[in-house]
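# Working through the structure, step by step
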Amino acid sequence: MAAHANLERRVSIQLDLTQDGVLNNVIVTPGTPTPEEMQSIENSVSAFPIRGSNAPPVSISTSTTPAVSIRQACKSYTPGKPILDNMDMTVPRGTIYGLLGSSGCGKTTILSTIVGLKELDSGDIFVFGSRPGTKGSGIPGRRLGYMPQDIALYEYLTIKEILQYFGRIFGMTATEIDGQTEFLVNFLQLPNRNKKICALSGGQKRRSSLAASLIHDPQLLILDEPTVGLDPLLRESIWNHLYQLVTTRRTTVIITTHYIEEARHSHTVGLMRNGRLLAEKAPDTLLKEHKTHLLEDIVLKLCRKDLSPSLDSHKATNGNGNNNNNGKNGKKNDVVAEALSEISFYSRINKMLPLSRSYKHEMNQDKPEVVGLKFQQTAPIGDAEPTRKRHSSLKRRQSFIDTLSDDMWFRASRIRALTVRNYLNFFRNPVFVLGVVFLPSVQMILTSLIVGQDPQHMRFGVANHEFSGWEERCSKDLKSNVCGADLSCRYLNQLKYQNGDFFDLVPVEKESDAVDEVRLGKMWGYISFPENYSEYVGLRSGHGLFADNETLEGSIVKLRLDMSHYLAGVFMINNLFSSFQEYLKGSISTCGGSPKEVELPFNYSAVYGSVNSRYMEYIIPGALILIIYLITLCSCAVSVIGDRKQGTLDRSRVAGIQTFDIMISYFITEGTTVLFQAALGASILILGFNLEVQGSTVLFLFVCIITGLCGQASGLLIGILCPDEVEALFLGMFFYLPMMLLAGVIWPLEAMPDALRYFSYCLPLTLTCESLRSITSRGLGLLHPKVWPGVAVVSIWTVSFWIIALCIFRSLKKQ
Ligand SMILES: Nc1ncnc2c1ncn2[C@@H]1O[C@H](COP(=O)(O)OP(=O)(O)OP(=O)(O)O)[C@@H](O)[C@H]1O
């Protein structure tokens, strides 16, 4: 039989007293009192001074629906291992419920299901009569104050900022937040409110976390081990404050604690073991039933009984069965005695704690049903039917508009709070700021300085057998300007001076020495001129194709290169051949010929760009969006994982923040950082490295921003999929690195196998790179077929990532 079914009736009475001890209001929980109970309560209440004749009457009110009602709750994380096992639990309104149980028995799990963070496999949970998460339940949301077991606060925010954040989420005004902050900082003995959370001690952090759950004066307060690690005096004052909340604000409190005796201060104690309640009664009743002074003894006893299969389970849930002997009168006397003892208890508490709080937040939507001494009739009477209908329709419409604007206002206020939090979190972390804001610019500077520039000072051997001491003879201005003379010198000069510092020419005696140097990695190759090279070249030009072997051999320049480095090899060959062409032109003009004779018979010019375009201009647009994409991906994934790991995300969700709000706030913060990254990166490239953006700079920035937002959306997805940063790193690399290669940033897409190329077109960055390149080097507009497909593809990916992230995020909640 479920534990709740065997509970004896216990009536809890709360008195609303003024500072002078004058009675305002009496609230009876739970259920409607019987006439006998009412009589006893009235008698007890008459002991208190009542207000003047003009004041509203003292009301005795009750609420029939418990604050929390859990029936047959089952939950398991792994099949066959139930964490909640047909658990029943009832938390009366306006009372403190102490949930006790050993570590791992499922306390946090049941609390998570109450606040709507987790869903049951089966069974029912009702919070204030509604299922958590349903529309209008207010759970998660403003009715709830939740202090999770972990600190769950943003480490880089100050106490004041944390309280402002939660206050804004709950739609409080600045004055209300300031008032509550003042009170909570003093009450919970918090240090300087401008201290960051990361600079607080463990106990201070815990108290700040408690303050965050109390800021909005919730109807239901769920505290998961709030007093752990606190000194006894502070623990006592926290309990006193909970009483004050219960008596003055009708707050319902569910609290878990490992200090078993502390739970004695609760109205009801729930003893939990193996996913179900062994007992759920008033502590005094339990102590009486078990004839002990310590709750700890009872916990031990019940656990032992639960362990022993031979024991009568009926007895275990009913205690010693004394209640069965009680007659109706005895039961009534018990209720009255309890009521009276509670009255004196609450009056003591009220004297101890002056009602000093000025904050009045109109959130207590569920007013208690008045059943007591005087009724206050509020039902509309006497209206003619049509007028009533019109009025009610107008009222409905007005209420719809109010709800809508209320919703929109709260939504905007929440998104603002989230955005401010994101910015604060971001700017308080210097490494993050440096990385996110400046890394793209640093990368662009490095890319411009390194990629696409010609190599320099490549050591290259020269074995010139035509002249010994050729370095002196082959000075830049050759003394001999005779046709066909000093040809090796002419070529070497061309090689040395044409391309600046590309080659450092080093004389070598023999080719074999040069080969050794190349093998040792000290040279990139060598060039060798045979003896009488100029003479043989002259003979060869005289005989044309019909020169003899000796002439041919004597006129050949030997080149041997280190081709193990492909790019270095290509650069060397380019330099050697372009120098050779220039050398030929020079030699021909010395002999009276026209240099045009050795020019290629092509007349080429550029449609887009220039014939002297630099590789840098090809690579830069792609490199810019690759880095922006990567950084937004990382920053967003890290932020989401941090938010999840710290527990702040769950805490915000319990406060009513929706996934969409979180995404919008990230959208705003990432959007502005991407704009900054792109603007700074583009300015450096344009002003510092003469990058010419032929098209619209606004369009250039727009493409960068949507790429950044795509990175943000994929980061969000990775952050949701991965429980920690290491997994996110590997998933991110798995996703990003192939995309980087396939995007055609480093190598032209046309070099890829067809199937791979078509596949790469579907990836987020391939066509976007092409779009950006077309804007910078070709000056094309958004509607050009080279531009819009990139914008379309990256937008589709962004939306898809968002939708997938949203779905996964929602499904995670149910686990
Ligand atoms: N997300 C999860 N996935 C798998 N198992 C989980 C998960 N959360 C909790 N558990 C397991 O469920 C059991 C109950 O956990 P829960 O946190 O509810 O215990 P608890 O009573 O609050 O413990 P404590 O007093 O130590 O906080 C534990 O065995 C825990 O390992």
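The structure presented is a predicted model; accordingly, all values stated were derived computationally and were not measured.

## Regarding the site of the ligand
Around the ligand sit 13 residues in total, of which Ser 103, Gly 104, Thr 108, Thr 109 and Gln 149 are the nearest. One of the side-chain N or O atoms of Ser 103 is found 2.6 Å from an oxygen atom in the ligand. Note that an oxygen atom of the ligand is positioned 2.8 Å from one of the backbone N or O atoms of Gly 104. Taken by itself the ligand offers 630 Å² of open surface, and the protein chains cover 60% of this. It is helix 2 (residues 107–114) that provides the largest number of residues to the shell around the ligand, a total of 3 residues.

## What to know about the UniProt feature "transmembrane region" (unreviewed entry) in the protein chain
Within the UniProt annotation, "transmembrane region" (unreviewed entry) is assigned to residues 618–642, 663–687, 699–721, 728–749 and 787–809. The distance separating the terminal C-alpha atoms of residues 699–721 is 33 Å; by composition the span is 100% helix and 0% strand.

## Description of the pairing of strand 10 (residues 252–256)
Taken across its 5 residues, strand 10 has 5 buried, putting it largely inside the fold. Along strand 10, one buried face is formed by Thr 252, Ile 254 and Thr 256 and the opposite face, lined by Val 253 and Ile 255, is buried too. In this structure, strand 6 (residues 96–101) lies alongside strand 10, joined through 4 bridges in parallel fashion. Bridged to Gly 98 within strand 10 is Ile 255.

## Quick word on the packing of helix 14 (residues 487–497) against helix 18 (residues 566–590)
One can describe the packing of helix 14 onto helix 18 by two numbers: an axis separation of 9 Å at closest approach and a directional angle of 130 degrees. Judged by the inter-axis angle, helix 14 sits oblique to helix 18. Crossing handedness for the pair helix 14 and helix 18: right-handed. Of helix 18, the residues touching helix 14 (which contributes Leu 487, Arg 490, Tyr 491, Gln 494 and Leu 495) are Asn 575, Leu 576, Ser 579, Phe 580, Glu 582, Tyr 583, Ser 587 and Thr 590.

## Re unusual backbone geometry
Excluding glycine, most residues fall at negative phi; most peptide bonds, likewise, are trans. A positive phi angle is found at Phe 128, which is not glycine, with a value near 50 degrees. Within the secondary structure layout, Phe 128 lies in the loop between strand 7 (122–127) and strand 8 (144–147).

## What to know about the packing of aromatic side chains
All told, the structure shown has 20 aromatic pairs when counted by the stated rule. Both rings, one in Phe 183 and one in Phe 187, keep their centres 5.6 Å apart while their planes meet at 0 degrees; by these two values the pair is stacked. Highlighted residues: Phe 183 and Phe 187, both in helix 4 (residues 174–187), separated by 4 residues, approximately one helical turn. Owing to a relative accessible area of 18%, Phe 183 belongs among the buried residues under this scheme. We classify Phe 187 as buried; its relative accessible area is 16%.

## A look at the nonpolar core
With 112 residues, the main nonpolar core has Phe 166, Leu 242 and Phe 700 as its most contacted residues. A per-element tally of this core places helix 19 (residues 615–646) first, with 16 residues. Both of domain 1 (150–217) and domain 2 (414–446 + 614–751 + 795–813) provide at least three residues apiece to this core. Here Leu 242 is in contact with Ile 96, Leu 221, Leu 223, Val 253 and Ile 255, once residues within four sequence places are set aside. Counting residues in each nonpolar core, the second largest holds 29 residues, with Leu 84, Leu 117, Ile 254 and Val 654 among its members.

## Remarks on the pairing of strand 9 (residues 220–224)
The buried count for strand 9 comes to 5 of 5 residues, which makes it a mostly enclosed element. Taking every second residue as pointing to the same face, both faces of strand 9 are buried, with Leu 220, Ile 222 and Asp 224 on one and Leu 221 and Leu 223 on the other. Summarising the sheet, strand 8 and strand 9 pair through 4 bridges and their orientation is parallel. Along strand 9, the bridge assignment pairs Leu 144 with Leu 220. In terms of strand pairing, strand 9 meets strand 10 through 5 bridges, oriented parallel. Bridge pairing links Asp 224 to Thr 256 in strand 10. Traced from strand 9 through helix 6 (residues 232–249) to strand 10, the parallel crossover comes out right-handed.

## Quick word on helix 6
Between its first and last C-alpha, helix 6 extends 25 Å over 18 residues, near the 26 Å set by a 1.5 Å rise per residue. Most of helix 6 is tucked away, with 14 of its 18 residues classed as buried. Looking at where helix 6 begins, the residue whose side-chain oxygen comes 3.1 Å from the main-chain nitrogen of Leu 233 is Asp 231. Remark: Arg 250 follows helix 6 within two positions and exhibits a positive phi of approximately 60 degrees.

## Some thoughts on the sheet that holds strand 5 (residues 81–91)
Taken in spatial order, the 3 strands line up as 5-4-7 in an open sheet, and their pairing is antiparallel. The open sheet has two edge strands, strand 5 and strand 7, and neither has a second partner. Across the sheet, the mean angle from the axis of one strand to that of its neighbour is 30 degrees, orientation sign disregarded. Relative to strand 7, strand 4 (residues 68–78) is paired through 5 bridges, and the arrangement is antiparallel. By the bridge assignment for strand 7, Ser 69 is matched with Phe 126.

The rules behind each value
Residues numbered from 1 in each chain as written. Predicted model: local features only at pLDDT ≥ 70, side-chain atom pairs only at ≥ 80, totals over all residues. Heavy atoms only, no water. Near = heavy atom within 4 Å. Polar contact = N/O pair within 3.5 Å; in protein donor to acceptor, adjacent residues only side chain to side chain. Areas by Shrake-Rupley, 256 points an atom, 1.4 Å probe, with all protein chains shown as cover. Helix = DSSP H or I, 4+ residues; strand = E, 2+ residues; numbered from the N terminus. UniProt positions renumbered as here; feature names shortened; annotations may be inferred. Buried < 20%, exposed > 50% of the residue type's maximum accessible area, 1.4 Å probe, protein only. Pairing = 2+ DSSP bridges. Axes fitted to C-alpha atoms, helices over the stretch in contact; angles between N-to-C directions. Parallel < 35°, antiparallel > 145°, perpendicular 65-115°, else oblique. Left-handed = near helix turned anticlockwise from the far one by under 90°. Contact = heavy atoms within 4.5 Å. Phe/Tyr/Trp six-rings, centres within 6.5 Å; stacked < 30°, edge-to-face > 60°. Core = buried A, V, L, I, M, F, W, Y, C linked by side-chain atoms within 4.5 Å. Domains from an automatic or database assignment. Right-handed = clockwise from strand over helix to strand, strands pointing away. Expected span 1.5 Å × (residues − 1).

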